Amino acid sequence: MKAFTQHTGIVAPLDRPNVDTDAIIPKQFLKSIKRSGFGPNAFDDWRYLDAGGPEIDNHTRRLNTDFILNQPPFDKATILLARENFGCGSSREHAVWALDDFGFRAVIAPSFADIFYNNSFKNGLLPIVLPAEMVDVLFKRMQQHPGVQLSIDLATQTIACENEIIASFDIDAFRKDCLLKGLDDIALTLQHADEIKAYENRRRQTAPWLFREALNKS
Amino acid sequence: MSSIDSKPKTLYDKLWHEHVVRSEADGTALLYIDRHLIHEVTSPQAFEGLRLAGRQPWRKETIIAVPDHNVPTTDRHVGITDPVAKRQLETLDKNCMEFGLTEFGMNDIRQGIVHVIGPEQGATLPGMTVVCGDSHTSTHGAFGALAFGIGTSEVEHVLATQCLVQKKSKNMRVCVDGRAAPGISAKDIALAIIGKMGTAGGTGYAIEFAGDAIRALTMEGRMTVCNMAIEAGARAGMVAVDDTTINYLKGRPYAPVGKQLEQAIRYWKTLYSDDGAHFDKTVHLDTSTLEPQVTWGTSPEMVASINSSIPDPDLIDDKVKADGIRKALAYMGLEAGTDIKQIAIDKVFIGSCTNSRIEDLRAAAKVSRGKKIAATIKQALVVPGSGLIKQQAEAEGLDKIFIEAGFEWREPGCSMCLAMNADRLEPGESCASTSNRNFEGRQGQGGRTHLVSPAMAAAAAIAGHFIDINEYNGDD
Ligand code: SF4
């Protein structure tokens with residue numbers, strides 16, 4: 001897992017609620033069997049005026065200059081500011097891979113869909129939940145001062161703007177620890193292999209039908 | 001018995017506790033997984049990760065793999081022509097072969113949509129934890145199982161360890177009571193719940209669907225409701241076990257038999273919420289006055305009764321919400337105040353893990369029998385959820401009813417639910433769809449989706465616009 005400790009960067013305000021993972025990375029790009037290369041197609045339907053696909057060269061496509069991420073300085077943004085229920089819909093981790101590949105390190109929103117939230121941690125993309133009023137304040141600030149930078153510090157769970165701490169956020173202790181150290185969580189779980197085996201042995205006694213092969217498989 | 005054990009528990013509490021292998025100080029738990037379903041789109045990177053780390057699947061026999069998202073729904077015998085999709089399907093085959101996993105390949109009669117085949121095979125059982133790299137895994141909760149979608153990194157984690165690192169969700173009960181009118185289906189109930197709760201209403205919760213109207217549903221209906229729990233923001237939806245559950249499972253290939261079945265049933269019958277169990281939130285829905293539901297926007301919560309009209313954003317105080325509606329109406333090419341019945345459609349899609357089971361096909365066929373789809377309909381697809389459902393429907397003559405009415409009868413798969421294969425909407429086309437998501441571009445770039453029940457979709461195909469199935473006499 002990629003570690004996250006501190007980050008300072010430009011914030012792009014994406015002012016719409018319920019941004020779903022289909023919008024973050026449309027289905028035609030899910031045919032890839034890799035984890036990388038999704039950045040140029042993040043928000044594809046909003047970013048380009050013509051249709052895209054896995055075999056189409058994005059450089060030949062027409063950009064939608066009305067879309068925030070096509071407008072400087074937001075094309076260099078590394079923090080995404082969003083509205084409620086960000087990342088809803090499909091479980092596709094490709095959405096997180098696309099945001100990461102675009103260059104985002106954190107997303108700030110009043111709420112996230114559960115699966116997206118989980119997926120983010122697995123890739124070192126920090127999802128930060130702030131109260132809706134605070135998010136509103138940030139939207140206004142970003143719109144008034146385009147290009148202003150925020151600094152996120154995971155250890156102290158704070159967000160600063162121009163050296164002044166403007167918000168603090170909650171995060172599970174376990175997740176925070178894994179992210180700070182960039183731990184491989186599979187290796188972490190495998191440290192408890194004996195406990196997993198003990199659990200299985202217990203269950204084999206109490207629920208043997210779960211350990212049976214499909215005898216009458218057709 | 002300790003006080004913890006004697007405290008009344010919800011169904012979710014029971015399922016959770018049964019699967020905790022260990023817990024961290026902050027409540028994060030290592031949760032054991034009994035069934036792992038896999039499809040071609042969200043698994044390649046997980047297998048690659050496994051390979052790179054030199055790991056093996058922990059318990060191979062818990063895994064069933066099936067290709068569904070990319071598969072063509074015509075001319076199966078010629079194979080798959082899209083080279084990129086083909087590589088993804090071949091990758092699944094190769095991974096299953098290399099690691100020795102069970103796969104129902106594209107030409108296996110048992111192939112179908114992952115959430116349809118699990119229950120159909122009896123591979124989804126009460127009391128299990130079921131995961132899949134797919135958000136609609138909530139479907140399997142209909143069996144009194146704890147079932148939820150996971151990302152690809154988590155797929156790899158389950159492959160390698162048979163466990164997931166999870167935080168317990170809060171408990172929500174959605175009580176659905178009242179006798180529904182004959183034309184009201186599980187889909188209308190699901191859409192009405194989402195309309196009421198909003199697409200983020202269930203975020204952070206596991207939902208138990210309870211009440212007379214849920215008890216009265218068949219397993220197919222319960223699966224439709226649990227399937228859409230994710231559209232209400234909840235990762236898991238579930239229904240307590242009863243005789244309907246048990247009778248559905250008996251005799252299915254992966255279900256237990258003999259003494260083990262008896263033992264299993266004794267346990268399954270404990271899978272309900274105890275009286276007095278604590279729910280953090282309760283939502284009620286009365287189905288006695290429920291009308292067929294149709295979505296008009298680009299989020300499943302943008303839903304209305306067939307006999308109403310599209311809301312006016314100018315009358316909504318919440319600025320973010322009003323803006324969301326304006327954006328949705330602009331995308332959909334619709335105006336506030338339009339009667340739902342006046343919305344014309346170009347295409348019809350009957351299928352998806354929400355509504356592609358035999359009961360759904362029967363409901364749509366009943367409406368279509370002896371009728372013709374409207375001349376303005378460019379395409380109407382019926383895509384069964386699995387090869388076995390297709391076979392059953394053909395044995396009942398449903399295929400002929402559809403074909404005579406002008407529908408296309410296809411091979412099983414996800415098809416136009418997400419349009420990864422050739423089945424899709426063109427920009428600006430409107431579709432009456434029995435699937436679960438009406439997001440922008442979901443069924444094809446620029447496509448406009450209206451979510452409805454199978455009977456409503458069939459009636460719309462015949463009328464060319466939405467009509468109330470309860471008033472439907474086929475002469476429209
Ligand atoms: S039918 Fe649609 S929602 Fe269901 S698994 Fe397939 S793509 Fe996902």
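The rules we used
- Residues numbered from 1 in each chain as written.
- Chains lettered and ligands numbered in written order.
- Predicted model: local features only at pLDDT ≥ 70, side-chain atom pairs only at ≥ 80, totals over all residues.
- Heavy atoms only, no water.
- Helix = DSSP H or I, 4+ residues; strand = E, 2+ residues; numbered from the N terminus.
- Rg over C-alpha atoms; globule rule 2.2 N^0.38 Å.
- Buried < 20%, exposed > 50% of the residue type's maximum accessible area, 1.4 Å probe, protein only.
- Phe/Tyr/Trp six-rings, centres within 6.5 Å; stacked < 30°, edge-to-face > 60°.
- Lys NZ or Arg CZ within 6 Å of the ring centre and 35° of its normal.
- Near = heavy atom within 4 Å.
- Nonpolar A, V, L, I, M, F, W, Y, C, P; charged D, E, K, R; others polar.
- Contact = heavy atoms within 4.5 Å.
- Salt bridge = Lys/Arg side-chain N within 4 Å of Asp/Glu carboxyl O.
- Pairing = 2+ DSSP bridges.
- Right-handed = clockwise from strand over helix to strand, strands pointing away.

K.L.:
Sorry if this is basic, but what is going on with the overall build of chain B here?
P.N.:
Of the regular secondary structure elements, chain B holds 16 helices and 19 strands. Taken over the C-alpha trace, chain B has a radius of gyration of 22 Å; the compact-globule value for 476 residues is 23 Å, and the two agree within 12%. Dimensions of chain B along its principal axes, counting C-alpha atoms only, are 60 × 55 × 45 Å. In chain B, buried positions account for 67% of the 476 residues.

K.L.:
What's the story with the packing of aromatic side chains in this structure? I'm lost.
P.N.:
Each aromatic ring pair is characterised by the separation of its centres together with the angle its planes make. Taken as a whole and assessed by the stated rule, the structure comprises 18 aromatic pairs over all chains. Note on Tyr199 of chain A and Tyr32 of chain B: the rings are 4.8 Å apart at their centroids and 35° apart in plane angle, and the pair reads as tilted. Here Tyr199 of chain A is found in helix α8 (residues 193-206), whereas its partner Tyr32 of chain B is found in strand β2 (residues 29-32) on a different chain. Taking 6.0 Å as the distance between ring centres and 15° as the angle between the ring planes, the aromatic pair formed by Phe402 of chain B and Trp409 of chain B counts as stacked. A network of ring pairs unites the aromatic residues Phe86, Phe112, Phe116, Tyr117 and Phe121 of chain A as a single cluster. A cation sits over an aromatic face here: Arg83 of chain A above Phe139 of chain A, 3.9 Å from the ring centre. One residue, Arg252 of chain B, lies across the ring of Tyr248 of chain B, its end atom 3.8 Å from the ring centre.

K.L.:
Looking at this model, I keep getting lost on the site of the ligand. Mind explaining?
P.N.:
Near the ligand, the surroundings consist of His69, Ile113, His115, Asp134, His136, Ser352, Cys353, Cys414, Cys417, Leu418, Asn436 and Arg442 of chain B. Classifying every residue of the shell around the ligand gives five nonpolar, five polar and two charged.

K.L.:
How do you make sense of the interface of chain B and chain A when you look at a structure like this?
P.N.:
How big an interface is tends to be stated in terms of the accessible area lost upon association of its parts. Between chain B and chain A, the contact holds 83 residues from the first and 65 residues from the second. Where chain B packs against chain A, one counts nine salt bridges. A salt bridge links Lys31 of chain A to Asp82 of chain B; its shortest N-O distance comes to 2.7 Å. It is helix α6 (residues 152-161) of chain B that provides the largest number of residues to the side of chain B that touches chain A, a total of seven residues. Residues of the side of chain B that touches chain A, tallied by class, amount to 31 nonpolar, 30 polar and 22 charged.

K.L.:
What's the story with the pairing of strand β10 (residues 205-210) of chain B in this structure? I'm lost.
P.N.:
Side-chain direction in a regular strand flips from residue to residue, so the side chains alternate between the two faces of the sheet. Residues and elements named next belong to chain B. With six of six residues buried, β10 is to be regarded as a mostly interior element. Neither face of β10 is exposed, since Tyr205, Ile207 and Phe209 on one face and Ala206, Glu208 and Ala210 on the opposite face are all buried. Pairing geometry for strand β9 (residues 170-177) and β10, over six bridges, is parallel. Within the sheet, the bridge partner assigned to Lys170 lies in β10 and is Tyr205. Crossover handedness for the path β9 to helix α7 (residues 186-197) to β10: right-handed. Sheet topology places β10 next to strand β11 (residues 236-238); three bridges connect them, and they run parallel. Bridge assignment links Glu208 to a residue of β11, and that residue is Met238.

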